[in-house]
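Residue-level structural notes
So the chains spell out like this:
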Amino acid sequence: MLHETMLRKESLIAPLFVVHGSGIKNPVTSMPGVYQLSADNAIQEAQELRNAGIRGILLFGIPGRKDERGSEATQDSGIIQKTLRAVKAAVPEMMLITDVCLCEYTSHGHCGIVENGIILNDQTTERLAEMAVSHARAGADMVAPSDMMDGTVAAIRKALDMAGFENLPIMSYAAKFASALYAPFREAAQSRPEFGDRKSHQLNAANSREAMRSLERCAEEGADILMVKPALPYLDILSRARERFTLPLAAYQVSGEYSMIKAAGEKGYIDADAVMFETLLAIKRAGADLIITYFAKELAKQL
Ligand SMILES: [Zn+2]
(Lines give C-alpha, C1' and ligand atoms only; values in the text may rest on other atoms or scores of the structure.)
Protein backbone atom coordinates (compact mmCIF):
# COMPACT_ATOMS: atom_id res chain seq x y z
CA MET A 1 0.00 0.00 0.00
CA LEU A 2 2.84 2.38 0.76
CA HIS A 3 5.05 1.52 -2.18
CA GLU A 4 5.98 4.90 -3.67
CA THR A 5 7.79 3.85 -6.84
CA MET A 6 6.73 1.24 -9.36
CA LEU A 7 8.69 -0.23 -12.26
CA ARG A 8 6.52 -0.67 -15.33
CA LYS A 9 7.42 -2.64 -18.43
CA GLU A 10 5.90 0.16 -20.52
CA SER A 11 8.69 2.50 -19.43
CA LEU A 12 11.52 0.20 -20.54
CA ILE A 13 13.43 0.55 -23.80
CA ALA A 14 15.65 -2.29 -25.07
CA PRO A 15 18.82 -1.42 -27.00
CA LEU A 16 19.61 -3.68 -30.00
CA PHE A 17 22.81 -3.95 -32.05
CA VAL A 18 22.19 -4.77 -35.70
CA VAL A 19 24.53 -6.03 -38.42
CA HIS A 20 24.27 -6.80 -42.14
CA GLY A 21 23.66 -10.37 -43.30
CA SER A 22 21.19 -13.04 -42.23
CA GLY A 23 21.06 -15.67 -39.54
CA ILE A 24 23.61 -13.76 -37.47
CA LYS A 25 23.48 -13.79 -33.68
CA ASN A 26 26.99 -12.90 -32.43
CA PRO A 27 27.32 -12.90 -28.66
CA VAL A 28 28.97 -9.79 -27.18
CA THR A 29 31.42 -11.44 -24.79
CA SER A 30 31.60 -8.58 -22.30
CA MET A 31 27.79 -8.37 -22.11
CA PRO A 32 26.34 -11.83 -21.39
CA GLY A 33 22.92 -12.22 -23.03
CA VAL A 34 23.50 -9.39 -25.56
CA TYR A 35 24.02 -10.11 -29.27
CA GLN A 36 24.75 -8.44 -32.57
CA LEU A 37 21.75 -9.41 -34.70
CA SER A 38 21.04 -9.46 -38.42
CA ALA A 39 17.64 -8.06 -39.49
CA ASP A 40 15.87 -11.46 -39.43
CA ASN A 41 17.00 -12.10 -35.86
CA ALA A 42 16.24 -8.49 -34.91
CA ILE A 43 12.66 -9.12 -36.03
CA GLN A 44 12.47 -12.19 -33.83
CA GLU A 45 13.92 -10.27 -30.89
CA ALA A 46 11.44 -7.42 -31.45
CA GLN A 47 8.59 -9.94 -31.40
CA GLU A 48 9.86 -11.48 -28.16
CA LEU A 49 10.20 -8.02 -26.62
CA ARG A 50 6.69 -7.10 -27.70
CA ASN A 51 5.35 -10.34 -26.24
CA ALA A 52 7.12 -9.51 -22.98
CA GLY A 53 5.37 -6.11 -22.92
CA ILE A 54 8.19 -3.83 -24.10
CA ARG A 55 7.03 -0.89 -26.22
CA GLY A 56 10.27 0.53 -27.58
CA ILE A 57 13.65 -0.50 -28.93
CA LEU A 58 16.72 1.64 -29.52
CA LEU A 59 18.73 0.60 -32.59
CA PHE A 60 22.51 0.81 -32.99
CA GLY A 61 23.92 -0.13 -36.39
CA ILE A 62 27.23 -1.72 -37.28
CA PRO A 63 27.94 -0.74 -40.89
CA GLY A 64 29.45 -2.93 -43.59
CA ARG A 65 32.11 -0.34 -44.37
CA LYS A 66 33.56 2.48 -42.31
CA ASP A 67 35.12 5.60 -43.80
CA GLU A 68 36.20 9.11 -42.80
CA ARG A 69 32.74 10.64 -43.23
CA GLY A 70 30.70 7.68 -42.04
CA SER A 71 28.99 7.45 -45.45
CA GLU A 72 26.78 4.46 -44.64
CA ALA A 73 25.04 6.44 -41.89
CA THR A 74 22.92 8.30 -44.43
CA GLN A 75 22.51 5.64 -47.12
CA ASP A 76 19.11 4.20 -47.85
CA SER A 77 20.76 0.76 -47.98
CA GLY A 78 22.48 1.42 -44.63
CA ILE A 79 22.20 -1.06 -41.79
CA ILE A 80 19.75 1.03 -39.74
CA GLN A 81 17.58 1.98 -42.70
CA LYS A 82 17.30 -1.69 -43.78
CA THR A 83 16.57 -2.88 -40.25
CA LEU A 84 13.93 -0.18 -39.71
CA ARG A 85 12.00 -1.25 -42.79
CA ALA A 86 12.21 -4.95 -41.86
CA VAL A 87 11.22 -4.57 -38.19
CA LYS A 88 8.52 -1.99 -38.93
CA ALA A 89 6.86 -4.34 -41.42
CA ALA A 90 6.99 -7.32 -39.04
CA VAL A 91 6.26 -5.63 -35.70
CA PRO A 92 4.44 -2.37 -36.56
CA GLU A 93 3.33 -1.72 -32.97
CA MET A 94 6.93 -1.45 -31.70
CA MET A 95 8.28 2.08 -31.24
CA LEU A 96 11.54 2.21 -33.20
CA ILE A 97 14.11 4.66 -31.87
CA THR A 98 17.44 5.16 -33.64
CA ASP A 99 20.78 6.24 -32.28
CA VAL A 100 22.01 9.19 -34.32
CA CYS A 101 25.79 9.47 -34.17
CA LEU A 102 28.67 8.86 -36.51
CA CYS A 103 31.07 6.95 -34.22
CA GLU A 104 29.86 3.53 -35.35
CA TYR A 105 30.30 4.57 -38.99
CA THR A 106 33.60 6.42 -39.09
CA SER A 107 36.95 4.73 -39.66
CA HIS A 108 38.48 6.82 -36.85
CA GLY A 109 35.65 5.96 -34.45
CA HIS A 110 34.88 9.57 -33.52
CA CYS A 111 31.38 11.01 -33.34
CA GLY A 112 31.78 13.45 -36.21
CA ILE A 113 33.78 14.82 -39.08
CA VAL A 114 37.44 15.05 -38.05
CA GLU A 115 40.06 17.38 -39.48
CA ASN A 116 43.62 17.59 -38.11
CA GLY A 117 42.57 15.61 -35.05
CA ILE A 118 39.67 17.95 -34.19
CA ILE A 119 35.94 17.23 -34.54
CA LEU A 120 34.33 19.92 -36.70
CA ASN A 121 31.16 20.87 -34.84
CA ASP A 122 29.01 22.43 -37.55
CA GLN A 123 29.87 19.99 -40.33
CA THR A 124 29.08 17.19 -37.90
CA THR A 125 25.65 18.52 -36.91
CA GLU A 126 24.81 18.89 -40.60
CA ARG A 127 25.69 15.20 -41.23
CA LEU A 128 23.72 14.13 -38.16
CA ALA A 129 20.66 16.04 -39.37
CA GLU A 130 20.93 14.22 -42.71
CA MET A 131 21.20 10.94 -40.83
CA ALA A 132 18.08 11.67 -38.75
CA VAL A 133 16.04 12.47 -41.87
CA SER A 134 17.25 9.27 -43.52
CA HIS A 135 16.13 7.27 -40.46
CA ALA A 136 12.76 9.03 -40.47
CA ARG A 137 12.23 8.15 -44.13
CA ALA A 138 13.03 4.49 -43.37
CA GLY A 139 10.41 4.35 -40.61
CA ALA A 140 11.98 5.56 -37.35
CA ASP A 141 9.41 6.68 -34.78
CA MET A 142 11.91 8.72 -32.77
CA VAL A 143 15.54 9.76 -33.24
CA ALA A 144 18.10 9.92 -30.44
CA PRO A 145 21.20 12.04 -31.11
CA SER A 146 24.04 10.87 -28.85
CA ASP A 147 26.96 12.94 -30.18
CA MET A 148 26.90 15.84 -27.64
CA MET A 149 27.97 18.45 -30.22
CA ASP A 150 26.61 22.00 -29.89
CA GLY A 151 23.45 22.58 -31.90
CA THR A 152 22.68 19.02 -33.00
CA VAL A 153 19.13 18.99 -31.66
CA ALA A 154 18.29 22.30 -33.38
CA ALA A 155 19.83 21.13 -36.65
CA ILE A 156 17.91 17.84 -36.54
CA ARG A 157 14.63 19.56 -35.61
CA LYS A 158 14.96 21.95 -38.53
CA ALA A 159 15.89 19.21 -41.01
CA LEU A 160 13.05 16.92 -39.87
CA ASP A 161 10.51 19.76 -40.11
CA MET A 162 11.68 20.66 -43.60
CA ALA A 163 11.42 17.03 -44.70
CA GLY A 164 7.82 16.78 -43.46
CA PHE A 165 8.50 15.01 -40.14
CA GLU A 166 7.23 17.80 -37.87
CA ASN A 167 5.73 15.28 -35.46
CA LEU A 168 8.74 13.01 -35.12
CA PRO A 169 10.11 13.36 -31.58
CA ILE A 170 13.76 13.79 -30.58
CA MET A 171 15.20 12.11 -27.49
CA SER A 172 18.44 13.92 -26.77
CA TYR A 173 21.40 12.41 -24.93
CA ALA A 174 21.52 15.76 -23.16
CA ALA A 175 23.59 14.89 -20.09
CA LYS A 176 26.02 12.30 -21.38
CA PHE A 177 29.12 11.93 -19.25
CA ALA A 178 32.55 10.81 -20.49
CA SER A 179 32.39 7.49 -18.65
CA ALA A 180 34.56 4.41 -18.31
CA LEU A 181 31.32 2.43 -18.13
CA TYR A 182 30.85 2.55 -21.91
CA ALA A 183 33.65 0.05 -22.57
CA PRO A 184 31.54 -3.09 -23.20
CA PHE A 185 29.26 -1.08 -25.55
CA ARG A 186 32.24 -0.20 -27.71
CA GLU A 187 32.89 -3.89 -28.22
CA ALA A 188 29.22 -4.43 -29.12
CA ALA A 189 29.00 -1.45 -31.48
CA GLN A 190 32.62 -1.65 -32.66
CA SER A 191 32.97 2.08 -32.07
CA ARG A 192 36.16 2.48 -30.05
CA PRO A 193 37.97 5.68 -31.09
CA GLU A 194 41.25 5.05 -32.95
CA PHE A 195 42.93 8.00 -31.22
CA GLY A 196 42.11 10.33 -28.33
CA ASP A 197 38.88 10.16 -26.35
CA ARG A 198 35.47 11.86 -26.13
CA LYS A 199 36.27 14.20 -23.27
CA SER A 200 36.17 17.26 -25.56
CA HIS A 201 32.41 16.95 -25.96
CA GLN A 202 31.09 14.60 -23.28
CA LEU A 203 30.59 15.86 -19.74
CA ASN A 204 33.13 15.74 -16.94
CA ALA A 205 31.99 13.40 -14.16
CA ALA A 206 32.79 16.15 -11.65
CA ASN A 207 30.32 18.65 -13.11
CA SER A 208 26.64 18.77 -12.26
CA ARG A 209 26.02 22.47 -13.08
CA GLU A 210 27.51 21.92 -16.52
CA ALA A 211 25.13 18.97 -16.94
CA MET A 212 22.20 21.27 -16.11
CA ARG A 213 23.40 23.72 -18.77
CA SER A 214 23.61 20.95 -21.32
CA LEU A 215 20.10 19.73 -20.46
CA GLU A 216 18.78 23.29 -20.68
CA ARG A 217 20.40 23.84 -24.06
CA CYS A 218 18.90 20.66 -25.50
CA ALA A 219 15.46 21.59 -24.14
CA GLU A 220 15.75 25.04 -25.75
CA GLU A 221 16.83 23.51 -29.05
CA GLY A 222 13.64 21.47 -29.14
CA ALA A 223 14.34 18.09 -27.54
CA ASP A 224 11.15 16.23 -26.60
CA ILE A 225 12.81 13.87 -24.13
CA LEU A 226 16.01 14.55 -22.17
CA MET A 227 18.40 11.75 -21.28
CA VAL A 228 20.93 11.26 -18.52
CA LYS A 229 23.68 8.70 -19.21
CA PRO A 230 25.04 6.61 -17.45
CA ALA A 231 22.27 6.13 -14.90
CA LEU A 232 23.28 4.76 -11.50
CA PRO A 233 26.43 6.85 -10.84
CA TYR A 234 24.50 9.98 -11.95
CA LEU A 235 21.25 9.67 -10.00
CA ASP A 236 21.89 13.11 -8.48
CA ILE A 237 21.84 14.61 -11.98
CA LEU A 238 18.64 12.75 -12.79
CA SER A 239 17.04 13.93 -9.58
CA ARG A 240 18.08 17.56 -10.15
CA ALA A 241 16.80 17.35 -13.72
CA ARG A 242 13.48 15.99 -12.44
CA GLU A 243 13.05 19.04 -10.19
CA ARG A 244 14.03 21.46 -12.90
CA PHE A 245 12.42 20.22 -16.14
CA THR A 246 8.89 19.27 -17.03
CA LEU A 247 9.96 17.35 -20.13
CA PRO A 248 9.99 13.54 -19.91
CA LEU A 249 13.33 12.17 -18.70
CA ALA A 250 15.10 9.05 -19.86
CA ALA A 251 18.01 7.34 -18.13
CA TYR A 252 20.40 4.96 -19.85
CA GLN A 253 21.64 2.11 -17.70
CA VAL A 254 24.78 1.61 -19.79
CA SER A 255 26.74 -1.47 -20.78
CA GLY A 256 29.24 -1.28 -17.89
CA GLU A 257 26.43 -1.05 -15.33
CA TYR A 258 24.85 -4.14 -16.90
CA SER A 259 28.09 -6.10 -17.23
CA MET A 260 29.16 -5.46 -13.62
CA ILE A 261 25.89 -6.88 -12.32
CA LYS A 262 26.05 -9.86 -14.70
CA ALA A 263 29.69 -10.65 -13.89
CA ALA A 264 29.28 -10.40 -10.13
CA GLY A 265 26.14 -12.53 -10.41
CA GLU A 266 27.98 -15.20 -12.40
CA LYS A 267 30.67 -15.33 -9.73
CA GLY A 268 28.04 -15.72 -7.02
CA TYR A 269 29.09 -12.52 -5.26
CA ILE A 270 25.63 -10.98 -5.56
CA ASP A 271 22.11 -12.02 -6.51
CA ALA A 272 22.07 -10.50 -10.02
CA ASP A 273 18.27 -10.53 -10.30
CA ALA A 274 17.81 -8.69 -7.02
CA VAL A 275 20.48 -6.13 -7.91
CA MET A 276 18.95 -5.63 -11.36
CA PHE A 277 15.60 -4.90 -9.75
CA GLU A 278 17.03 -2.63 -7.06
CA THR A 279 19.17 -0.54 -9.44
CA LEU A 280 16.32 -0.05 -11.92
CA LEU A 281 13.95 0.89 -9.11
CA ALA A 282 16.50 3.44 -7.88
CA ILE A 283 16.74 4.95 -11.38
CA LYS A 284 12.97 5.24 -11.51
CA ARG A 285 12.81 6.71 -8.00
CA ALA A 286 15.40 9.35 -8.93
CA GLY A 287 13.05 10.61 -11.63
CA ALA A 288 13.35 8.65 -14.88
CA ASP A 289 10.17 8.28 -16.93
CA LEU A 290 11.91 5.95 -19.37
CA ILE A 291 14.77 3.54 -18.71
CA ILE A 292 16.97 2.23 -21.48
CA THR A 293 18.40 -1.04 -20.23
CA TYR A 294 19.89 -4.31 -21.47
CA PHE A 295 17.80 -5.96 -18.74
CA ALA A 296 14.53 -4.86 -20.43
CA LYS A 297 13.35 -8.32 -21.47
CA GLU A 298 14.49 -10.06 -18.28
CA LEU A 299 12.82 -7.47 -16.08
CA ALA A 300 9.61 -7.36 -18.14
CA LYS A 301 9.24 -11.12 -17.72
CA GLN A 302 9.51 -10.74 -13.95
CA LEU A 303 7.13 -7.81 -13.59
ZN1 LIG B 1 29.18 8.83 -30.91
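Summarised in this report is the structure supplied together with it. As the structure is a prediction and not an experimental result, all values here were calculated from the model.

1. Considerations on empty space enclosed by the protein
Taken as a whole and assessed by the stated rule, the structure comprises two cavities of 30 Å³ or more. Estimated volume of the largest cavity: approximately 140 Å³. Elements with a minimum of two residues in the lining of the largest cavity: strand 9 (171-176) and helix 5 (183-189). Approximately 80 Å³ is the volume attributed to the second largest cavity. Around the second largest cavity, the lining is made up of 14 residues, and of these M148, M149, V153, S172 and C218 lie nearest the centre. For the lining of the second largest cavity, the elements supplying multiple residues, two or more each, are helix 4 (152-162), strand 9 and helix 6 (208-221). In terms of residue count, helix 6 provides more of the lining of the second largest cavity than any other element does, four residues in total.

2. Comments concerning the layout of surface pockets
The volume enclosed by the largest pocket comes to roughly 380 Å³. L16, G33, Y35, E45 and K297 are, among the 21 residues lining the largest pocket, the residues nearest its centre. Of all the elements in the fold, those that place two or more residues in the lining of the largest pocket are strand 1 (12-19), strand 3 (35-38), helix 1 (39-52) and helix 10 (296-302). In terms of residue count, the dominant contributor to the lining of the largest pocket is helix 1 (five residues). The calculated volume of the second largest pocket comes to roughly 170 Å³. Every residue lining the second largest pocket is counted, 13 residues in all, and those nearest its centre are D150, H201, L203, E210 and R217. Top contributing element to the lining of the second largest pocket by residue count: helix 6, with four residues.

3. What about the packing of helix 1 against helix 2 (residues 79-90)?
Here helix 1 crosses helix 2 at 40°, and the two axes come no closer than 9 Å. For the element pair helix 1 / helix 2, the angle class is oblique. Here helix 1 and helix 2 pass one another in a crossing that is right-handed. Touching A39, A42, I43, A46 and Q47 of helix 1 are T83, A86, V87 and A90, all from helix 2.

Reading guide: rules and limits
- The residue numbers shown here count from 1 along each chain, following its written sequence.
- Per-residue local features are limited, in this predicted model, to residues with pLDDT of at least 70; the limit for side-chain atom pairs, both in listing and counting, is 80 or more; totals at the level of whole chains, interfaces and linings are taken over all residues.
- The side-chain values count all of the structure's non-hydrogen atoms but skip hydrogen atoms and water molecules.
- A cavity here means a set of points on a 1 Å grid, drawn over the protein atoms and nothing else, where a 1.4 Å probe fits but cannot get out; a pocket is an open set with protein on both sides within 12 Å along at least five of seven lines, and a residue lines either one if it has an atom within 4 Å of a point.
- Grid points are joined across faces, edges and corners, and a volume is the space filled by probe spheres set on the points.
- Numbering goes from the N terminus for both helices and strands, where a helix is a DSSP run of H or I of at least four residues and a strand is a run of E of at least two.
- To get an axis, fit a line to the C-alpha atoms, keeping to the stretch in contact for a helix; angles then go from 0 to 180 degrees between the N-to-C directions.
- Just so you know how the angles are binned, under 35 degrees is roughly parallel, over 145 roughly antiparallel, 65 to 115 roughly perpendicular, and the rest oblique.
- Should the near helix be turned anticlockwise from the far one by less than a right angle, the crossing is left-handed, and should it be turned clockwise, the crossing is right-handed.
- Whether two residues touch is decided by their heavy atoms; if any such pair falls within 4.5 Å, the residues are in contact.

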